[in-house]
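Chains, contacts and geometry: an overview
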Amino acid sequence: MATSPAPTRPGPVLRRDVEHRMLGGVCAGLARHIGIDPIIVRVAFVAAATAGGVGVAVYLLAWVFLPAGDAPATPVWLRTSRGTIEIAVGIAFLALSVLLTFRAFGLLFSDVIVWPLVLVAAGAALLWRQWLGGGLPGGTVPRAPERTAPGGDTGARAADASAPAKRPALPVAPVTPAGRAALVSRTSLGVALVIAAGIAFLSATGSLSAARDVVLSVLVVAVVLSVIFFPWVLRLVRSLTEERAQRIRSQERAEMAAHLHDSVLQTLALVQQRSDDPRAVAALARRQERELRAWLSRRAPSAGDPPQLAAALETAASEVERDHGVAVEVVAVGDADLDAPGEALVAAAREAMVNAAKFGGGSTVDVYAEALDGEIQVYVRDRGPGFSPDDLPADRRGVRESIVGRMARHGGKGEIHSAPGAGTEVELTLPRSTA
Amino acid sequence: MTGGPRVLIVDDHQLFRAGVRSELEGRVDIAGDAATVEDAVRDIARLAPDVVLLDVHMPDGGGVEVIRRAAAQGDPPRFLALSVSDAAEDVIAVIRAGARGYVTKSISGEELADAVRRVHEGDAVFSPKLAGFVLDAFAGAPAGAALAGGAGDHGTSDDPALDHLTPREREVLRHLARGYLYKEIALRLGISTKTVEAHVSAVLRKLQLSNRHELSRWAVERRLVE
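Residues numbered from 1 in each chain as written. Chains lettered and ligands numbered in written order. Predicted model: local features only at pLDDT ≥ 70, side-chain atom pairs only at ≥ 80, totals over all residues. Heavy atoms only, no water.

**Thoughts on the overall build of chain A**
Rule in force here: The helix and strand labels rest on DSSP assignments: H or I over at least four residues marks a helix, E over at least two residues marks a strand, and numbering proceeds from the N terminus. Exposure classes here rest on a 1.4 Å probe applied to the protein chains alone. A residue is buried below 20% of its type maximum, exposed above 50%, and partly exposed in between. Here, two residues are considered to be in contact whenever any of their heavy atoms come within 4.5 Å of each other. Accessibility throughout is a Shrake-Rupley quantity obtained with a 1.4 Å probe, and a residue counts as covered only by protein chains that appear here.
For chain A, the count of helices and strands is twelve helices and five strands. Across the 435 residues of chain A, 34% fall into the buried class. Here the analysis covers contacts within chain A between residues at least 6 apart in sequence; of these, 67% occur between residues at least 24 apart. Accessible area for chain A stands at about 25100 Å²; split by element, carbon and sulfur atoms hold 64% of it.

This is how it looks when you write it as structure tokens:
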């Protein structure tokens, strides 16, 4: 497995800011991270330092443990998980220094309060960051497309620098087991910290035994209740799940029924009406086939996507098929966003298809589009009678202009190859804008 | 008897079997037809056909399952996949299972008989669509040039050459995708038809053996659906 090339939001990472440091860059890094003036953090540390030297110890620890600002990038999940923990530690330090500062000013907190509060701060930072900061991967992952375009995964192509993003890369990295494990361990660490804080507080105030009694009785009641209500709860959960599945199923069914009504049944009715015209029937069947295939493979782009070359050629092909009753087969390799020259290319290709359908003697029209390295190439080919370029029929001269001329106007090239008896092939080339 | 290859037709649609039979009658020998995976495996053992025309989508595992079980019982015939589907994962899965070619059901009787003969002779049969898939799957690896450095991602290939097409193979495939026949390609590239066939067979071998990520992904997608 290759590491996928960082499809991630740039996770905020707590680092020492070496550039703006006074000593080790701890304060500057911390300040930059939470977005406040470094001077505030520095004052907090100094204040903490006066409170029995705690600030000094904390500073030194942070110096040792926080990575320097421009450390080399580590793998993504590692970085974010470390970042979270570092943030928690940082917040704990801040809480500590604030509390110690208060104490230094004579507002007396005993250690009974200080340490549990610091622990709670760290635990809360761990837990809340995950839930508030979008750290829960399940919540933010949009539904993965059922069928990514071939080659959509950039993994195998990472080695090849000449393959820029010609297809949309996977929008979001899937939740890796490693990522989930890190998430779970972070959550449990946070919970452990908060519980430890509670126990520390209770034991320090001497009320631990009382709390134990309370917890024990609550536990007993909980066990008793769950034993009594277990079957009922289980049934409830099950029926809820079932109902949900049922609803999804019936929704899907309704969607499919609606689609079949609009398309297949409609076409079948038309076929019956026009059964005396074989050409029309064939064209209807063909169009329905194309449409059903597209629906099955669900290649329909979502509204936000830019129009794509291959889809535009398919559309043009199906229109030509419908208008001229000749099968047009499109094979596309690679794809490209459709810019203005690309639209001209599709228009020229469409013209070539119409031409092939008209003069190709009813043979299948093969369209091949390749959008790979620096350019886009489209070939439109028929197996008709062909013609000698010298005596181009007059009625085809205009068409020739609208293909060759149009391509030239958009910085591309159009060529028509034909010979009597060998069919005709139109070759369109367009240099690719690398915007 | 036509002296041509003996063909077994495997498809779960009775109407379609009858259609193919009438198209092929007189062009090749029809050894029989089968409607299920079970029947197909049994008939392959019993009738020993030269070529099996295989539907991709059937209950109980489809064409891939027939190829797998026929291979398990030894001395399998050659398989030509014939399907209404032209989705990449269907095509690639059945080719990687061992089929020597793939054509869609819209093919004419004459072309089909020609494809059967070609598969019988040990050649590969690529529809324009399949040629397009292969070019797509092998895209992003500059032919030949990247042999040294490009194969790092999909490390299990024993032979990195399997993961790349030669410029000539690429050229032949592009012509296939453009709808040219073997002899037209030979004429255009100035090589013999035999050489064209050799190139296509080499591509088929790479298609079956390469560990290129796109190919395995397509194949896996298919298996999940089954």
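**Describing the side chain of Ser363 of chain A**
All names here are of chain A. As a reminder of what qualifies: For the purposes of these results, a polar contact is taken to be a pair of N or O atoms within 3.5 Å, where, inside protein, one atom must be able to donate a hydrogen and its partner to accept one; residues adjacent in sequence count only when each atom of the pair is a side-chain atom.
Structurally, the position occupied by Ser363 is in the loop between helix 11 (340-359) and strand 2 (365-371). Polar contacts involving the side chain of Ser363 include one to the main-chain carbonyl oxygen of Gly360, which spans 3.2 Å. Of note is the side chain of Ser363, whose polar atom sits 3.0 Å from the backbone nitrogen of Arg383.

**Some thoughts on the sheet that holds strand 5 (residues 101-104) of chain B**
All names here are of chain B. Inclusion rule: Strand pairing is assigned whenever DSSP identifies at least 2 bridges connecting the two strands.
Taken in spatial order, the six strands make up an open sheet running 2-1-3-4-5-6, and their pairing is parallel. Single-partner strands in this sheet number two, and they are strand 2 (29-34) and strand 6 (125-126). Bridge count for strand 3 (residues 51-54) against strand 4 (residues 78-83) is four bridges, and the pairing is parallel. In the strand pairing of strand 4, Val51 is matched with Arg78.

**Some points on the nonpolar core**
Residue and element names in this part refer to chain B. This is how it is decided: Only buried residues count toward a nonpolar core. Its members are Ala, Val, Leu, Ile, Met, Phe, Trp, Tyr and Cys residues joined through side-chain atoms within 4.5 Å.
The biggest cluster of nonpolar side chains holds 55 residues, and the ones touching the most others in it are Phe79, Ile95, Phe126, Leu130, Val134, Leu173 and Leu207. Element by element, the count of residues in this core is highest for helix 6 (residues 128-137), at six residues. In this view, Leu130 contacts Val91, Ile92, Ile95, Tyr102, Val125 and Leu207; residues no more than four positions away in its chain are not counted.

**Points about the confidence of the model for chain B**
Residue and element names in this part refer to chain B. Where we set the bar: Per-residue confidence from the predictor is reported as pLDDT, a score between 0 and 100.
Averaged over chain B, the pLDDT score is 81; the fraction of residues at 70 or greater is 85%. Counting interchain partners and residues more than four positions distant, the pLDDT-below-50 stretch residues 142-157 has 31 contacts. Among the prediction metrics, the complex's ipTM stands at 0.77, with pTM recorded as 0.56.

**Some remarks on the packing of helix 6 of chain B against helix 7 (residues 167-177) of chain B**
Residues and elements named next belong to chain B. The line we're drawing: Think of each axis as a best-fit line through the C-alpha atoms, taken over the contacting stretch in the case of a helix, with angles from 0 to 180 degrees between the N-to-C directions. These descriptions rest on fixed angle ranges, namely under 35 degrees for roughly parallel, over 145 for roughly antiparallel, 65 to 115 for roughly perpendicular, and the rest for oblique. For any helix crossing, the convention is left-handed if the near helix is rotated counterclockwise from the far helix by under a right angle, and right-handed if that rotation is clockwise. Under the scheme applied here, ten amino acids are nonpolar (Ala, Val, Leu, Ile, Met, Phe, Trp, Tyr, Cys and Pro), four are charged (Asp, Glu, Lys and Arg), and all others, including Gly, are polar.
Between helix 6 and helix 7, whose axes approach to 7 Å, the crossing angle comes to 140 degrees. Between helix 6 and helix 7, the interaxial angle falls into the category oblique. Remark: the crossing between helix 6 and helix 7 carries left-handed chirality. Taken together, the residues of helix 7 that come into contact with helix 6 (itself represented by Pro128, Ala131, Gly132, Val134 and Leu135) are Arg170, Leu173, Arg174, Leu176 and Ala177. Grouping the constituent residues of the contact of helix 6 with helix 7 by class yields seven nonpolar, one polar and two charged.

**Focus on the pattern of salt bridges**
Rule in force here: Each salt bridge in this description consists of a side-chain nitrogen of Lys or Arg and a carboxyl oxygen of Asp or Glu lying within 4 Å of one another.
Taken as a whole, this structure holds 23 salt bridges over all chains when the rule is applied. The shortest N-O distance in the salt bridge between Asp39 of chain B and Arg42 of chain B comes to 3.4 Å. Linking Asp39 of chain B with Arg42 of chain B, this pair stays in helix 2 (residues 37-47), spanning three residues, or about one helical turn. Lys206 of chain B is the partner of Glu169 of chain B in a salt bridge, and the nearest nitrogen-oxygen pair spans 2.8 Å. Taken together, the residues span a long stretch of sequence, with Glu169 of chain B in helix 7 and Lys206 of chain B in helix 9 (residues 193-209) at a distance of 37 residues. One connected set of salt bridges, linked through shared partners, spans Arg286, Glu289, Glu321 and Glu329 of chain A.

**Observations regarding the side chain of Arg381 of chain A**
Mapped onto the secondary structure, Arg381 of chain A falls in strand 3 (residues 375-382). For Arg381 of chain A, a relative accessible area of 3% corresponds to the buried category. For Arg381 of chain A, the side chain forms a polar contact with the side chain of Glu184 of chain B, separated by 3.4 Å. Other than its neighbours up to four places away in sequence, Arg381 of chain A contacts Thr364, Val365, Asp366, Thr424 and Glu425 of chain A together with Arg178, Gly179, Tyr180 and Glu184 of chain B.

**Brief notes about helix 2 of chain B**
Residues and elements named next belong to chain B. Quick note on the threshold: Here the arc refers to the set of directions running from the helix axis out to each C-beta atom.
If you check which residues of helix 2 are buried, you get Val37, Ala40, Val41, Asp43, Ile44 and Leu47. Buried positions in helix 2, seen along its axis, are confined to an arc of 165 degrees and lie on one side of it. Turned more than 90 degrees from where helix 2 packs its buried face, Ala45 and Arg46 sit exposed. The inward-facing, buried residues of helix 2 contact strand 1 (6-10), strand 2, strand 3, helix 3 (62-72) and strand 4. Positioned one or two residues after helix 2, Ala48 has a phi angle of 45 degrees, which is positive.

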